[in-house]
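Fold and contact review
If you want the building blocks of each chain, they are given just below.
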Amino acid sequence: MSEMNLVQAINAALRQEMRRNPDVVVLGEDVGKVGGVFRVTQGLWEEFGDERVIDTPLAEGGIIGTAIGMALYGLRPVPEIQFADFIYPAFDQIVSEAAKYRYRSGGEYPCPITIRTPVGGGIRGGHYHSQSPEALFIHTPGLKVVCPSNPYDAKGLLVSSIRDDDPVLFFEPKRVYRAVKMEVPDEEYTIPLGVAKIVRPGDHVTVIAWGAMLYEALASADEVAAEGISCEVIDLRTLWPVDIDTLVQSVQKTGRFVVVHEAPKSCGYGAELVSLLTEKCFLRLEAPPVRVTGWDTPFPYTLENEYLPLQHRIVPALRETARY
Amino acid sequence: MSEMNLVQAINAALRQEMRRNPDVVVLGEDVGKVGGVFRVTQGLWEEFGDERVIDTPLAEGGIIGTAIGMALYGLRPVPEIQFADFIYPAFDQIVSEAAKYRYRSGGEYPCPITIRTPVGGGIRGGHYHSQSPEALFIHTPGLKVVCPSNPYDAKGLLVSSIRDDDPVLFFEPKRVYRAVKMEVPDEEYTIPLGVAKIVRPGDHVTVIAWGAMLYEALASADEVAAEGISCEVIDLRTLWPVDIDTLVQSVQKTGRFVVVHEAPKSCGYGAELVSLLTEKCFLRLEAPPVRVTGWDTPFPYTLENEYLPLQHRIVPALRETARY
Amino acid sequence: MVQTSSIDTPRRPTPAPGQHDDDVVTVIGPDGQANPATDPRLGVEMERRLYTAMVRTRIVDQQLERLQRQGRIGFHIGSLGEEACILGSVAAFREQDWIFPCYREFGALLWRGMPLQRYVDNMYGNANDPVKGRQMPDHYTGRPYRFGSVSSPIGTQITQAVGFGWAARLRRDPIAVGVYFGDGATSSNDFHTGMNFAGVFRAPVVFLLRNNRWAISVPVERQSASRTLADKGIAYGVRAVRCDGNDALATYAVVREAVERAARGEGPTLVEMLTYRLGGHSTSDDPRAYRAQDEVEAWRRTDPLVRMRRRLEALGAWSEADEQRWRAEVEAELRACIETAERTPPPALSSMFDDVYAQRPWHLREQAESCERGPRARAHGHGGGH
Amino acid sequence: MVQTSSIDTPRRPTPAPGQHDDDVVTVIGPDGQANPATDPRLGVEMERRLYTAMVRTRIVDQQLERLQRQGRIGFHIGSLGEEACILGSVAAFREQDWIFPCYREFGALLWRGMPLQRYVDNMYGNANDPVKGRQMPDHYTGRPYRFGSVSSPIGTQITQAVGFGWAARLRRDPIAVGVYFGDGATSSNDFHTGMNFAGVFRAPVVFLLRNNRWAISVPVERQSASRTLADKGIAYGVRAVRCDGNDALATYAVVREAVERAARGEGPTLVEMLTYRLGGHSTSDDPRAYRAQDEVEAWRRTDPLVRMRRRLEALGAWSEADEQRWRAEVEAELRACIETAERTPPPALSSMFDDVYAQRPWHLREQAESCERGPRARAHGHGGGH
Ligand SMILES: Cc1ncc(C[n+]2csc(CCOP(=O)(O)OP(=O)(O)O)c2C)c(N)n1
Ligand SMILES: Cc1ncc(C[n+]2csc(CCOP(=O)(O)OP(=O)(O)O)c2C)c(N)n1
Ligand SMILES: [Mg+2]
Ligand SMILES: [Mg+2]
């Protein structure tokens, strides 16, 4: 056990998998000597050298396109996109190629790559260093999408992602990078993809969150607990394929739910969760499902905290939902 | 008035706007001499010449990136992407640039471009000539999204899109291109963006559709009418911003609704419509909202008709919803 | 204003069909004799193999076009006129090397060992189609033959081939990777990025640029203002060569050298193969709408099959009787494949939900069940294409 | 195997700081004298304007870095060491021309006429910020000054500048468009596509490539294996020139020629400006983690400000007293701007919902209302950046 923050836990997972399996390679902009702009890959270049920790030219399409080629060859590449906001030059390779490779080749060519990328707001990054594009990838059949909220989960989920035989988008909530510390086992362990976690059991309202917003959901649950509202807070961990059983069970119990995410509301992942749970728990619903999300505007700089679905916006939603 | 199919109506709209306004230019792959692979721009090159009907190199990012530059200068470019499936090399320019230009420049730089692109299945195009990516653009603040279902609407909506001061994605359902003919006025007219149309009034179930699937929805409504189920079929026409009033009014009347679209279900636009209407009509809902959509797989070739949400899949959904 | 020294490279005038700039490697002369300075000296047996493969490709192409016109298949994208550059190049790779295709190289797929029956099954998207009827015709896959999976988006295979070759290099596996694409694809993002990464990381890749002068209706002059497409290698520090792509032996020679260099760790090569698309872009295209018949006729006179046959005849290694026998053989084989393919049922309904992931997640299990339980769509027709 | 003729261009060895290959245009010699063969002969007044603008840029840079360390602004991305190439290039454009910036050219923005106050407001994202506090510091916009809008994604401005210039050409408006980007950006999709379109359509664009040898921690050698970055022009039939980017007069000379050519309809030019990023990539970066201090020190000895000052002193047009006076003046102006900016409130809450579209649609009206009605977030802090 060592106390680690999210950055250290992800680093530990990468190091462990690279030691364990020579096929694991890391590539991206600035991942080498400097260890990434958030220092997540720090020390890997020194240990594994230039051939397995690869600083690439400035071209996300090249990072993902060549990573796909490496995966077809038999490696297990873990490409990094410096910020999720800069994933779009690689979008074609991800949605037209990686996502469809196994299917379109009749199963001949699996494409096991794990795309790591920092996501979300909270670091005063404005338009282009704050976005949360998970919905775009959930809408694309063939991809898995993961987003850990804490160091322990991050290590176990990243190991599972790298070992998974399908392409995985691994979103790292950058607001959490150094904000949360906890004990993390030094040994190997995995957390299976597709399994959510009830982080706070409760009876009145189900709150669904992940990544950085989980903490806002928890703080909000604390706040309304004083008013007698008991929230069940679920950390999705794997966004897609989602752990539908845990969600349905919780909503069958509470009859009410709120989804929290940073991305804009319209056509965000919240819409899918609302639809799924409305389909599956229709007769049990006692209040309209509520989405507390980023507004439908580009991500602003100065007013960042008014844009994000923080505690001040979650709490009223919990109250309304509980009292509906 | 002339009888026109969808291809001819769009062609007429382009010709009319190009005659009316010298700032309107068309650019894309094969749009010139040959008039586009679907012949939508046929004859424009002959009339307006190489400077206004521009065959470009094979680079969608270049088509959209330069169109944005032209719009900043003051032109009204109407770029064509040959198939919506090939829009991804331009995705960065659309979502990071066009969508955010006005906002990020404090209003200094509007970006009025109209991106035309054929969308959807039904022509045996398999993976890469059949997709419907509207949800990705609806999720991106700053974009408008239009999809006409018939020649009359297509002409009026395209004119409105070109004259609109915001970037518009104009999706043309290729299955409808030559399948539907109707009388279209030769004179100028516009159909305002953001206004849906009730194409078949009814009392029991609201059916929301657009583009090619509208016809499947209508045929399904016909089929169940014999069983005494009365459907109100709404053609959205503008997908985003959506005509919420028309939808809410209809669902307040019927208490039940079904959404039909070709794109995969998960995180598709259907999810947003279900969520919006559940939020706004919660107490009125008498049955769980149903999404009849493409499956969550890449678009197949041979089994295309089993993949698409055609009449054989809509009819049972209407029955279940009506009888719930 | 001062005049500064600058790099300025005006475009070369286009030579007439069959004529070439000095830097373009050719082997077979008008008389069927090989230029001893460039002749790869393959031996009669191999040259005959090359020629017969080219003829087979042509026959299959023509027959598939016919089937499409009869509505028996939905689409075909052929290689009429490009047989020399496709077969000459693929033949230059060794068994251990890998090929990443564009969409016009079924001839290369057959050369690598794919049985004709499986290719024809792909044209029908039936239950025996290697891609399980999921993609359009000519979007095949051939992993057992060290051959990649075709997708439609232009250029995407280029960076993938670079990553594949780079991975081999990291594993100290002395192979070369060939990647096909067209002149239009040089404008794509992935050409730029693939060439750039290959240059920086010395990936063992041979970039097989089929310059057939057209990208659907867009001529190569509208595609790039560079003097030649090979010149683009300079932007990436990637060695570049040009060859007469209608000359199978010239193509073989330059590609073989590039393959050996790559495998030896001497880096990538861009090979510009100068050829011409004699037919439409695909069965969906009518090229008369955008190009002069004269141009096509002039190029038809440089037919790579005629050229190679003349070469074999000059060697005394081919006769009209050989030609008749071979054609009859291929036609019979093809007829049998088509009959079998037409008797083969479509893929099973439930296969639609396989291979999206390694295992079916809950939502696809639900969807598959709902699909199988529900009513069936009307019969499957055949439609258009790109 | 036969040896075929090929294009193969090994990378040039990198000259020492301050040394240049023959094809690199320089003007100011070590003694401060101008090379008469290349001197653009701007006259003393203009040369002094250039120099004072460079000094002002440097002072603003240093002060903003200090403010960031004090937590008074969130981020700054500076131009330490690149002042000559930024000011020398922007000065070569005429009033009617347009500039598309990258993110490191606030000096160019000020040169085009943006009041310092508005720029400092942008650093604070306050109510007077031209971008209304919506983007990070240094993501300004300057339409009144014929200056574009900064965005973070690398390279995207390049195709836009090409489209802008091309539109001007269609309208017969004889302007030139300058577009800035770095050596890292030459790997981007938009560099490829922008250069290619500019070559094909002869867009009146001057590509202003600040080769400062680093893209964050990635050295230019890892960015491309091409012999020089200017060589990339060959791939697109685009004229290319190289200049000493630490020499404001050399930069002016080559850019001016390119501007005039472009405006006359003689097509685009790629200008590779050889310079060096003396500071960190931005205030978020510590370059000691990835590059040798020796290298930085060697380049520091080529400081463009020292070079230009020596030139003015050689002309007898600048003295230590002038220097003191000017520095004091700029510092006072800047101090006042900072004070004003710090007194200015943040943008109004409701402004967050403006400018998404020309008019607010129903859903943004609803959201704005809900936001304004709801409780306020805690105070706005200052965080990291890229
Ligand atoms: C990204 C993308 N854009 C557009 C298309 C449509 N398209 C298919 S083939 C083609 C032309 C390709 O030309 P070239 O690269 O020269 O290859 P050729 O067909 O001549 O062999 C186009 C535009 C596509 N498949 N992918
Ligand atoms: C598409 C994209 N990828 C990554 C980044 C992160 N990033 C910001 S600046 C930069 C380096 C740019 O280097 P260069 O083009 O040489 O410009 P310089 O900063 O040296 O002026 C990187 C990788 C980005 N902004 N956009
Ligand atoms: Mg071609
Ligand atoms: Mg740089």
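Please refer to the structure placed before this passage.
Residues numbered from 1 in each chain as written. Chains lettered and ligands numbered in written order. Predicted model: local features only at pLDDT ≥ 70, side-chain atom pairs only at ≥ 80, totals over all residues. Heavy atoms only, no water.

**Points about the overall build of chain C**
Rules: Elements are defined by DSSP. Helices are runs of H or I of four residues or more, strands are runs of E of two residues or more, and each kind is numbered from the N terminus. Methods summary: accessible areas were calculated by the Shrake-Rupley approach with a probe of 1.4 Å, and residue burial reflects only the protein chains presented. In this count, Lys and Arg are taken as positive residues and Asp and Glu as negative ones, while His and the chain termini are left out. Here the site of a charge means NZ on Lys, CZ on Arg, CG on Asp, or CD on Glu.
Within chain C, the secondary structure is distributed over twelve helices and ten strands. In terms of its C-alpha atoms, chain C occupies a principal-axis envelope of roughly 75 × 60 × 45 Å. Roughly 12,900 Å² of accessible area belongs to chain C as shown, and the carbon and sulfur atoms make up 47% of that amount. Taken as two groups, the 50 positive and 49 negative side-chain charges of chain C have centres that lie 3 Å from each other.

**What to know about the coordination of the magnesium ion (ligand 3)**
Residue and element names in this part refer to chain C. Convention followed: Counted as donors are N, O and S atoms no farther than 2.8 Å from the metal, or 3.2 Å for Na, K and Ca; water is not among the atoms, and sites may therefore look incomplete. Note on classification: 1.4 Å probe, protein chains only; a residue is buried when its accessible area is under 20% of the maximum for its type, exposed when over 50%, partly exposed between these limits.
Surrounding the magnesium ion (ligand 3) are the protein donor atoms D183 (OD), N212 (OD1) and W214 (O), which sit 2.1 Å from the metal. Considered as a linear motif, the donors of the magnesium ion (ligand 3) on their single chain read D-x28-N-x1-W. Of the two residues, D183 is situated in the loop between β5 (177–182) and α6 (189–201) and N212 in the loop between β6 (205–211) and β7 (214–215); the sequence distance between them amounts to 29 residues. For the pair shown, D183 and N212 are each scored as buried.

**A closer look at the site of ligand 1**
Selection criterion: Any residue with at least one heavy atom within 4 Å of a molecule or strand is counted as near it. We call two N or O atoms a polar contact when they sit within 3.5 Å, provided that within protein one can donate a hydrogen and the other can accept it, with sequence-adjacent residues counted only if both atoms are side-chain atoms. Residue polarity follows a fixed list, in which Ala, Val, Leu, Ile, Met, Phe, Trp, Tyr, Cys and Pro are nonpolar, Asp, Glu, Lys and Arg are charged, and the others, Gly among them, are polar.
Around ligand 1, the structure places 21 residues, and the nearest of them are B:E60, C:Y103, C:R104, C:G184 and C:W214. Nearby residues around ligand 1 are contributed by chains B and C. The side chain of C:R104 places a nitrogen or oxygen atom 2.6 Å from an oxygen atom of ligand 1. Between ligand 1 and C:N212, the relevant distance is 2.8 Å, taken from an oxygen atom to a side-chain nitrogen or oxygen of the residue. Burial of ligand 1 by the protein chains amounts to 99% of its free accessible area of 580 Å². In the shell around ligand 1, the residues fall into nine nonpolar, seven polar and five charged.

**Section: the coordination of the magnesium ion (ligand 4)**
Residues and elements named next belong to chain D. Within the protein, D183 (OD), N212 (OD1) and W214 (O) serve as the donor atoms for the magnesium ion (ligand 4), at 2.1 Å. Within one chain, the residues donating to the magnesium ion (ligand 4) are spaced in sequence as D-x28-N-x1-W. Taken together, the positions of D183 in the loop between β5 (177–182) and α6 (189–201) and W214 in strand β7 (residues 214–215) put the pair 31 residues apart, joining distant regions of the chain. On the basis of relative accessibility, which here comes to 9%, the residue W214 falls in the buried class.

**Structural notes on the pattern of salt bridges**
Rules: Whenever Lys or Arg places a side-chain nitrogen within 4 Å of a carboxyl oxygen from Asp or Glu, that contact is recorded as a salt bridge.
Inspection of the entire model under this criterion finds 128 salt bridges over all chains. It is possible to trace a salt-bridge network through shared partners that takes in C:R309, C:E313, C:E320, C:E323 and C:R327.

**Some details on the site of ligand 2**
As a matter of local geometry, ligand 2 sits amid 21 residues, with A:E60, D:Y103, D:R104, D:R210 and D:W214 nearest to it. Near ligand 2, the surrounding residues belong to chains A and D. At 3.0 Å from an oxygen atom of ligand 2 is found a main-chain nitrogen or oxygen belonging to D:A185. Here an oxygen atom of ligand 2 sits 2.8 Å away from a polar atom, N or O, in the side chain of D:R210. Starting from 590 Å² of accessible surface for ligand 2 in isolation, the protein chains cover 99%. Residue classes in the shell around ligand 2 are distributed as nine nonpolar, seven polar and five charged.

**Regarding helix α10 (residues 304–314) of chain C**
All names here are of chain C. Heads up, the condition is: A contact between two residues is defined here by any heavy atoms of the two lying within 4.5 Å.
Taken residue by residue, α10 has P304, L305, R307, M308, R309, R311 and L312 as its buried positions. Along its buried surface, α10 packs onto α1 (44–69), α2 (83–91), β9 (239–244), α8 (248–263) and α11 (320–343). Looking at the residues trailing α10, positive phi occurs at G316, about 70 degrees.

**Re the sheet that holds strand β11 (residues 231–235) of chain A**
All names here are of chain A. We count it as follows: A pair of strands is treated as paired once DSSP finds two or more bridges between them. A fitted line through C-alpha atoms represents every axis, and for helices the fit uses only the stretch in contact; the resulting angles, taken between N-to-C directions, go from 0 to 180 degrees.
Pairing in this open sheet of five strands is mixed, and the strands run β9-β11-β10-β13-β14 from one edge to the other. With one partner strand each, in any of the chains shown, β9 (197–200) and β14 (290–294) form the two edges of the open sheet. Along the sheet, successive strands turn relative to each other by an average axial angle of 25 degrees, direction set aside. The sheet contact formed by strand β10 (residues 205–209) and strand β13 (residues 257–264) spans three bridges and is parallel.

**Focus on the pairing of strand β14 (residues 290–294) of chain B**
All names here are of chain B. For clarity, the cut-off: Seen with its strands pointing away from the viewer, a crossover is right-handed if its path from the first strand over the helix to the second goes clockwise.
Along β14, four of the five residues are buried, which leaves the element largely enclosed by surrounding structure. Here strand β13 (residues 257–264) runs beside β14; their pairing, made up of five bridges, is parallel. Bridge pairing links P264 to G294 in β14. Considered for its hand, the β-α-β crossover made up of β13, helix α10 (residues 269–281) and β14 is right-handed.

**Quick look at the interface of chain C and chain A**
Threshold: Note on definitions: buried area is the accessible-area loss of two parts on being combined, 1.4 Å probe, summed for both.
On the chain A side, the residues contacting the 47 residues of chain C number 47 residues. Around 3,800 Å² of area is buried between chain C and chain A when both sides are counted, 59% of it from carbon and sulfur atoms. Considering only the side of chain C, the residues that lose the most area to chain A are C:Q160, C:Y357 and C:W362, jointly responsible for 18% of the buried surface there. Counting across the interface, chain C meets chain A through three salt bridges.

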